[in-house]
Amino acid sequence: MIGRPRTPAALLPALALVVAAGLAGCSDDPAPTPAAPSDTGVVHLPTSAAPTTDSAGHRIAQLPSQTAPVAMSEDRVRGVDYSYLEPVGWSRAERDLQPRPDTLLQPDDDGVRAFIAVERPIKVGSHSLAEVVDGLRAGFAGKGQTPLAAPERDIAGYHAMGIVVDQSEQVRDVYYVVAYTEKVYAIRLTYDPTHPEALGVYRAVLDSWSWG
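These numbers were taken from a predicted model, which means no experiment stands behind them. (Residues numbered from 1 in each chain as written. Predicted model: local features only at pLDDT ≥ 70, side-chain atom pairs only at ≥ 80, totals over all residues. Heavy atoms only, no water.)

A.B. asks: Please explain the packing of aromatic side chains as it appears in this structure.
C.D. replies: Each aromatic ring pair is specified by the distance between its two centres and by the angle formed by the two planes. Per the counting criterion, the structure on display carries twelve aromatic pairs. Residues Tyr 158 and Trp 211 carry aromatic rings whose centres are separated by 5.8 Å and whose planes lie at 75° to one another, so their mutual orientation is edge-to-face. Linking Tyr 158 in strand β8 (residues 158-166) with Trp 211 in strand β11 (residues 210-211), this pair joins segments that are 53 residues apart in sequence. The exposure class of Tyr 158 is partly exposed, given its relative accessible area of 34%. Plain terms: the ring middles of Tyr 185 and Trp 211 are 5.1 Å apart, the flat faces sit at 65° to each other, and that makes the pair edge-to-face. Of this pair, Tyr 185 sits in strand β10 (residues 183-191) while Trp 211 sits in strand β11, placing them 26 residues apart in sequence. Three or more aromatic residues joined by ring pairs make a cluster, and in this case those are Tyr 82, Tyr 84, Tyr 158, Tyr 180, Tyr 185, Trp 209 and Trp 211. (Phe/Tyr/Trp six-rings, centres within 6.5 Å; stacked < 30°, edge-to-face > 60°. Helix = DSSP H or I, 4+ residues; strand = E, 2+ residues; numbered from the N terminus. Buried < 20%, exposed > 50% of the residue type's maximum accessible area, 1.4 Å probe, protein only.)

A.B. asks: Would you explain the sheet that holds β11 in this entry?
C.D. replies: Paired through backbone hydrogen bonds, the strands of a sheet run either parallel or antiparallel to each other. As summarised here, the arrangement of the three strands in space is β1-β2-β11, forming an open sheet in which the pairing is antiparallel. Two strands bound the open sheet, and with one partner strand each, they are β1 (72-79) and β11. The pairing of β1 with strand β2 (residues 82-87) spans five bridges and is antiparallel. Its bridge partner lying in β2, Arg 76 is registered against Leu 85. (Pairing = 2+ DSSP bridges.)

Here it is as structure tokens:
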């Protein structure tokens, strides 16, 4: 039987500390005003190719697409100003993680190496989502890791940006970060990339998200 993934606490950056450090160097100067667009007469045809970078220019990790539907129960997991449906075969649990997450789910099957954790929200005031995500990326880079991006998406009507970090060949973290009422929420999946079915469950959780 394969044990659950044990990620050293030192590799789990405290969201508040990382964001504070990353935003400490942010300038309060207003962003430059973009030049007015000009009509050059060029017609841009739509393309079906997936983007290779996110809106901030970070390279997107090529994660497996979801192929099988995920069964969701009628039970909602409730946290600070949010809730989401509990996937069938997953349950609320406690793990020795630092910082302590607001909510956490893990599979009922001990052989599935994965969990979904929502970090406790922190206030970020007027800082933009991109600034917060850059602060998180800087925290991972400072630990010698190479953060990539996940495709951007909406979470219950609010724009979210993604971060992908490989702790090892057997442990991958995927974060989606979203700002709601001047607080930032980091929703994290930790899983074994050789078992991508957990990624489908994670996406189903995000799809079922509700605020308030």
